[in-house]
Amino acid sequence: MTPTQLTAARAVTTVRRRSTDAVTLRGYLVPMWALVLAAYAASRLLTTAFLAAVHGLARALGWDFASFDWVPSFARFLASWDGVHYGTIAVDGYPTELPRGDDGNVQKNPWAFLPLFPLMVRPVSALTGWDFALSGAVISTIFGAAATVALYRLLLPSVGRTSAFWGAMFFCFGPMSFVLQIAYAESVFLFFMFCSVAAMSARRYWLMIPLGVGAAFAHPGALAVSAALGLHFLFRLAGRDKAPFPHAERVAAIAAGIVITIAGFAWPLVATAVTGSRSAYFDTEMAWWRDYVGDVGFVPFTPWFLMAGHYLGAFGVVMVTAVLFGAILWLSGRQVRLLGLDLHLYTISYVAYLVAVFLPQQSLFRMLLPLSPLLGLPALSATPQRRRRMLTACIALQPVAILLFWFVWPA
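Residues numbered from 1 in each chain as written. Predicted model: local features only at pLDDT ≥ 70, side-chain atom pairs only at ≥ 80, totals over all residues. Heavy atoms only, no water.

A. Region of interest: the side chain of Asn109. Secondary-structure assignment places Asn109 in the loop between helix H4 (83–92) and helix H5 (116–128). Looking at Asn109, the relative accessible area reads 2%, which means it is buried. A polar side-chain atom of Asn109 sits 2.9 Å from the main-chain amide nitrogen of Trp111. In this structure Asn109 touches His85, Pro95, Leu98, Pro99, Thr284 and Trp288, once residues within four positions along its chain are discounted. (Helix = DSSP H or I, 4+ residues; strand = E, 2+ residues; numbered from the N terminus. Buried < 20%, exposed > 50% of the residue type's maximum accessible area, 1.4 Å probe, protein only. Polar contact = N/O pair within 3.5 Å; in protein donor to acceptor, adjacent residues only side chain to side chain. Contact = heavy atoms within 4.5 Å.)

Printed below as a string of structure tokens:
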């Protein structure tokens with residue numbers, strides 16, 4: 001088959017899949033994306049009810065929640081954790097001088113947070129007069145809907161309509177799904193990540209560039225996309241695709257990989273240019289690490305061992321080694337490979353990214369959300385009973401997660 005014939009065949013397949021990606025409800029043909037959006041809307045009503053109930057309970061009992069100040073409004077409650085830094089960026093931008101404590105160490109500051117989300121919030125606040133907390137929650141909720149549909153579309157070609165739909169359901173009803181509607185960058189980041197991987201799977205490499213760059217300036221983690229693309233490129237060169245790999249596609253894939261990689265490493269350079277400090281970004285990140293492991297330097301692929309060793313000594317190092325070995329075995333297993341080669345490569349790349357750069361603490365649960373394509377594994381939705389159990393567990397764990405990450409162990 002020539003490249004032209006291959007392109008035409010893919011186009012026909014895409015048209016057929018889109019035309020059949022619908023269900024009949026009461027005599028009407030309803031596109032699946034509309035059902036996914038309806039499920040997302042229902043999930044936001046449920047999660048809002050949980051958040052409002054916990055917020056009311058906190059006010060009645062005088063609890064302090066995960067914020068730098070106590071402001072009783074519900075919107076401010078949705079801008080907890082480090083949302084204050086996103087708010088500062090949206091209003092004032094980034095500091096030109098790094099804040100330092102009496103010991104000379106760099107303190108926590110906005111340079112740890114990427115600019116795309118607050119830049120989106122700024123015009124919304126200007127047009128509506130809403131404060132950052134409310135504007136941020138609206139932007140996050142909208143992109144949460146887009147991310148849910150993007151996840152469904154990402155899963156559809158490899159696992160089919162049923163598993164893709166239920167994977168999206170488990171995502172938007174999941175224990176950590178409250179981050180899809182709070183003033184945080186996760187929704188925007190997840191949308192760009194899922195879309196960039198979907199573009200890679202569709203061999204639309206030029207489209208990957210704006211999507212990957214968007215992810216790179218929304219939240220740390222986009223380097224996993226460029227790593228997955230590199231592996232994808234090598235597998236196609238080796239003929240694992242069982243289809244031609246035309247020169248034009250090779251050029252596009254290489255260009256996308258280079259641009260996304262540059263974007264993934266760009267923010268530390270921007271911080272250096274603005275502040276005049278070569279280590280501005282990493283010194284800022286280490287300010288958060290200091291709460292857990294004291295003053296340390298950043299060395300790739302050591303954070304998990306550093307954290308475990310700090311609290312559990314040699315046993316912790318052995319435990320992390322065992323966990324990582326088990327993760328490697330599971331990721332190489334048949335169940336994960338059912339997602340298809342591209343999603344399999346992306347999953348491996350993102351796990352490797354977390355191990356390379358992330359200090360595992362309470363934010364780990366939030367950082368695992370880019371691995372949500374794993375929710376589309378057919379085994380999780382193979383029977384109606386499994387679907388009910390998974391969905392029930394997701395919903396039951398939501399208030400537990402809200403209480404835990406707002407009051408007990410702020411994330």
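Now that the structure is up, let's keep going.
B. Layout of the state of the cysteines. Scanning the model with the defined rule gives zero disulfides in all. There is no disulfide at Cys172, and the cysteine sulfur nearest it, in Cys394, is 9.1 Å away. Note on Cys172: relative accessible area 1%, which makes it buried. The thiol sulfur of Cys195 is not disulfide-bonded, and the nearest other cysteine sulfur, from Cys172, lies at 16 Å. Taking the relative accessible area as the measure of exposure, Cys195 reaches 18% and is therefore buried. (Disulfide = S-S within 2.5 Å.)

C. How the structure looks around the packing of helix H2 (residues 32–61) against helix H16 (residues 384–408). Relative to each other, H2 and H16 sit at 40 degrees, their axes nearing to 10 Å. Compared by their axis directions, H2 and H16 come out oblique. Between H2 and H16 lies a crossing whose hand is right-handed. Counted together, Leu46, Thr47, Phe50, Leu51, Val54 and Ala58 of H2 and Ile395, Gln398, Pro399, Ile402, Leu403, Trp406 and Phe407 of H16 form the full contact between these two elements. (Axes fitted to C-alpha atoms, helices over the stretch in contact; angles between N-to-C directions. Parallel < 35°, antiparallel > 145°, perpendicular 65-115°, else oblique. Left-handed = near helix turned anticlockwise from the far one by under 90°.)

D. Representation of the pattern of salt bridges within the structure. By the definition in use, this model includes eight salt bridges. A salt bridge links Asp241 to Arg203, with the shortest nitrogen-to-oxygen separation between them at 2.6 Å. Taken together, the residues span a long stretch of sequence, with Asp241 in the loop between helix H9 (223–237) and helix H10 (247–275) and Arg203 in the loop between helix H7 (186–201) and helix H8 (205–216) at a distance of 38 residues. Grouping residues by exposure puts Asp241 and Arg203 together as buried. (Salt bridge = Lys/Arg side-chain N within 4 Å of Asp/Glu carboxyl O.)

E. Local environment of the side chain of Thr275. Looking at the secondary structure, you find Thr275 in helix H10. At 3.2 Å, the side chain of Thr275 forms a polar contact with the backbone nitrogen of Ser277. Leave out the neighbours within four places in its chain, and Thr275 touches Pro95, Thr96, Leu98, Trp111 and Ala280.

F. Just the packing of helix H6 (residues 132–172) against H7, in detail. Two elements in contact, H6 and H7, have axes separated by 7 Å at closest approach and are oriented at 35 degrees. Here H6 and H7 pass one another in a crossing that is left-handed. Counted together, Ile139, Ser140, Phe143, Gly144, Ala146, Ala147, Ala150, Leu151, Leu154 and Phe171 of H6 and Ser187, Val188, Leu190, Phe191, Phe192, Phe194, Cys195, Val197 and Ala198 of H7 form the full contact between these two elements.

G. The arrangement of the environment of Gly62 in detail. As for its placement among the helices and strands, Gly62 is situated in the loop between H2 and helix H3 (74–77). Judged by its relative accessible area of 53%, Gly62 falls in the exposed class. Distance in space between the C-alpha atoms of Gly62 and Ala228 is 47 Å, their sequence separation being 166 residues.

H. Representation of the packing of aromatic side chains in the model. Inspection of the entire model under this criterion finds 25 aromatic pairs. Note on Trp289 and Phe298: the rings are 6.0 Å apart at their centroids and 70 degrees apart in plane angle, and the pair reads as edge-to-face. By relative accessible area, Trp289 is classed as buried at 8%. Note on Phe298: relative accessible area 28%, which makes it partly exposed. Here the aromatic residues Tyr86, Phe113, Phe117, Phe132, Tyr184 and Trp288 are joined through ring pairs into a cluster of three or more. (Phe/Tyr/Trp six-rings, centres within 6.5 Å; stacked < 30°, edge-to-face > 60°.)

I. Representation of the nonpolar core in the model. Membership of the largest hydrophobic core comes to 120 residues, with the highest contact counts inside it found for Phe178, Met208, Tyr350 and Trp406. Of all the elements, H6 adds the most residues to this core, at 23 residues. Within the second largest apolar cluster, five residues are counted, among which are Met286, Trp289, Met307 and Leu359. (Core = buried A, V, L, I, M, F, W, Y, C linked by side-chain atoms within 4.5 Å.)

J. Up close: a nonpolar patch on the surface. On the surface, Tyr311, Leu312, Phe315, Met319 and Val323 cluster together to form a nonpolar patch covering roughly 510 Å² of accessible area. Mapped onto the elements of the fold, Tyr311 is located in helix H12 (residues 303–331). Look at Tyr311 and you get partly exposed, because its relative accessible area is 49%. (Patch = residues over 30% accessible without salt bridge, like charges linked within 9 Å, V, L, I, M, F, W, Y side chains within 5 Å. Areas by Shrake-Rupley, 256 points an atom, 1.4 Å probe, with all protein chains shown as cover.)

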